[in-house]
Amino acid sequence: MKVLVTGGLGFIGSHTVVELQNKGFEVVIIDDLSNSSEKVLDGIVAITGKKPLFEKIDLKEKSKVEDFFKRHTDVQGVIHFAASKAVGESVEKPLLYYENNIGTLVYLLKELSKKDKASFIFSSSCTVYGQADKMPITEDAPVKTAESPYGNTKQMGEEIISDTCKVVPSLNAIALRYFNPMGAHPSTEIGELPIGVPQNLVPFITQTGMGLRDQLSVFGDDYPTSDGTCVRDYIHVVDLAKAHVLALQRLFEAKNKANYEVFNLGTGKGSTVLEVIKSFEKVSGKKLNYKIVPRRSGDITEAYANTEKANNELGWKAESTLDEAMKSAWDWEQKVRA
Ligand SMILES: NC(=O)c1ccc[n+]([C@@H]2O[C@H](COP(=O)([O-])OP(=O)(O)OC[C@H]3O[C@@H](n4cnc5c(N)ncnc54)[C@H](O)[C@@H]3O)[C@@H](O)[C@H]2O)c1
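The model shown is predicted, which means the values in this text are computed figures rather than measured ones.

**A few points about the side chain of Arg-250**
Relative to the helices and strands, Arg-250 resides in helix α8 (residues 237-252). Only 3.0 Å separates the side chain of Arg-250 from the side chain of Glu-313, close enough to count as a polar contact. Among all residues touching Arg-250, those that are not within four sequence positions of it are Ile-174, Lys-255, Asn-256, Lys-257, Glu-261, Phe-263, Glu-313 and Leu-314.

**With respect to the pairing of strand β2 (residues 26-31)**
The two faces of the sheet receive side chains in turn, since in a regular strand these alternate between them. Counting buried residues along β2, 5 of its 6 residues qualify, which places the element largely inside the surrounding structure. Taken together, the 5 bridges between strand β1 (residues 2-6) and β2 define a ladder with parallel strand orientation. Of the residues in β2, the one forming a bridge with Thr-6 is Ile-30. Between the parallel elements β1 and β2, the chain passes through helix α1 (residues 11-22) in a crossover that is right-handed. Bridge count for β2 against strand β3 (residues 53-56) is 4 bridges, and the pairing is parallel. Residue pairing in the sheet places Asp-31 in a bridge with Lys-56 of β3. Crossover connection from β2 via helix α2 (residues 40-48) to parallel β3: handedness right-handed.

**Here's the deal with the sheet that holds β1**
Pairing between the strands of a sheet comes from backbone hydrogen bonds, and it takes one of two forms, parallel or antiparallel. Taken in spatial order, the 7 strands line up as β3-β2-β1-β4-β5-β6-β11 in an open sheet, and their pairing is parallel. With one partner strand each, in any of the chains shown, β3 and β11 (260-265) form the two edges of the open sheet. Pairs of neighbouring strands in the sheet enclose a mean axial angle of 20 degrees, with direction left out of account. Sheet analysis places strand β5 (residues 118-125) next to strand β6 (residues 171-178), joined by 8 bridges and oriented parallel. In the strand pairing of β6, Ser-123 is matched with Leu-176. Against the sheet, helix α5 (residues 94-113) touches β1, β4 (75-80), β5 and β6, its axis set at about 165 degrees to β5. Sitting on the sheet, α8 is in contact with β1, β4, β5, β6 and β11, with an inclination near 160 degrees to β6.

Rules and cut-offs
- Residues numbered from 1 in each chain as written.
- Predicted model: local features only at pLDDT ≥ 70, side-chain atom pairs only at ≥ 80, totals over all residues.
- Heavy atoms only, no water.
- Helix = DSSP H or I, 4+ residues; strand = E, 2+ residues; numbered from the N terminus.
- Polar contact = N/O pair within 3.5 Å; in protein donor to acceptor, adjacent residues only side chain to side chain.
- Contact = heavy atoms within 4.5 Å.
- Buried < 20%, exposed > 50% of the residue type's maximum accessible area, 1.4 Å probe, protein only.
- Pairing = 2+ DSSP bridges.
- Right-handed = clockwise from strand over helix to strand, strands pointing away.
- Axes fitted to C-alpha atoms, helices over the stretch in contact; angles between N-to-C directions.

Written out as structure tokens, the structure reads:
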């Protein structure tokens, strides 16, 4: 089974390539290296003993996407990670986000629509729920108006796939709504490598722990939560990666109940920012330099997943605890800076 993984040298993509290769899939990666490095391939080889095919292609170049599928007619499934993902940047450069996250999706779906049979997995996000009315969040919670162009690309992306599946019965797709991915492979061969100032809490914490950043700002301690800080659902990237393999197998084995399905991927447990900091202090034995600052606009109070659908339908459950995920993130950070 040959699987195309777009963005396969990125954070979640690289961990998914490892799990796919561990299960015997043949993987071909497309990545333009805009937010990753070719060195990630070495990490994948070190873990799996196998080098995936890699093609440096910018998916915004439609003719190159067409050419790729002409050369790789045996690709049966696509996991589409490639996208731009910085919320703040998307507000500054909306067209870049619409072009990179929507244009590329359309080109891929056009190619897959030409095939007799195709399976497609899409990286979506819990951001589509905004501040959900009820916790934990189920898949049928209403999609709220997006707070940013980035969030909008995930909502629009889901709609584009759903509309396409309605008229292309040979296409089967699953959108996976990730909560908050974190951590690294336990081998420390691959992990998260943010370019510039990290946008996510965990790499900011580990970089502060290493002394690369002076201080972590905790935005607000007056939210209606157990300690006043925001609650999120942190999921180990290896658990997340395994869910992609199961989702793809569900489509390959025709176990899906509709040709477009949506699943939440989280642990089902919410953690506050202060709990995440405590976890870091516990696994690293270091005190973290942080300060409480006023709330940041656009932050929601809490978001954590109801994972029953993924548990029951995909046969998947997140296994790692927050401390285990944090330890892997910290081990990785120390290795990268060594
Ligand atoms: N990391 C998170 O917190 C999170 C949460 C929810 C959803 N997601 C989604 O998951 C996916 C993967 O996220 P990630 O954290 O691994 O990001 P990442 O930036 O580490 O990986 C994305 C990869 O795609 C590549 N890429 C981007 N544009 C491309 C293009 N035009 N052509 C070819 N390659 C291109 C980048 O070089 C990078 O290697 C994204 O779609 C993201 O929106 C991520």
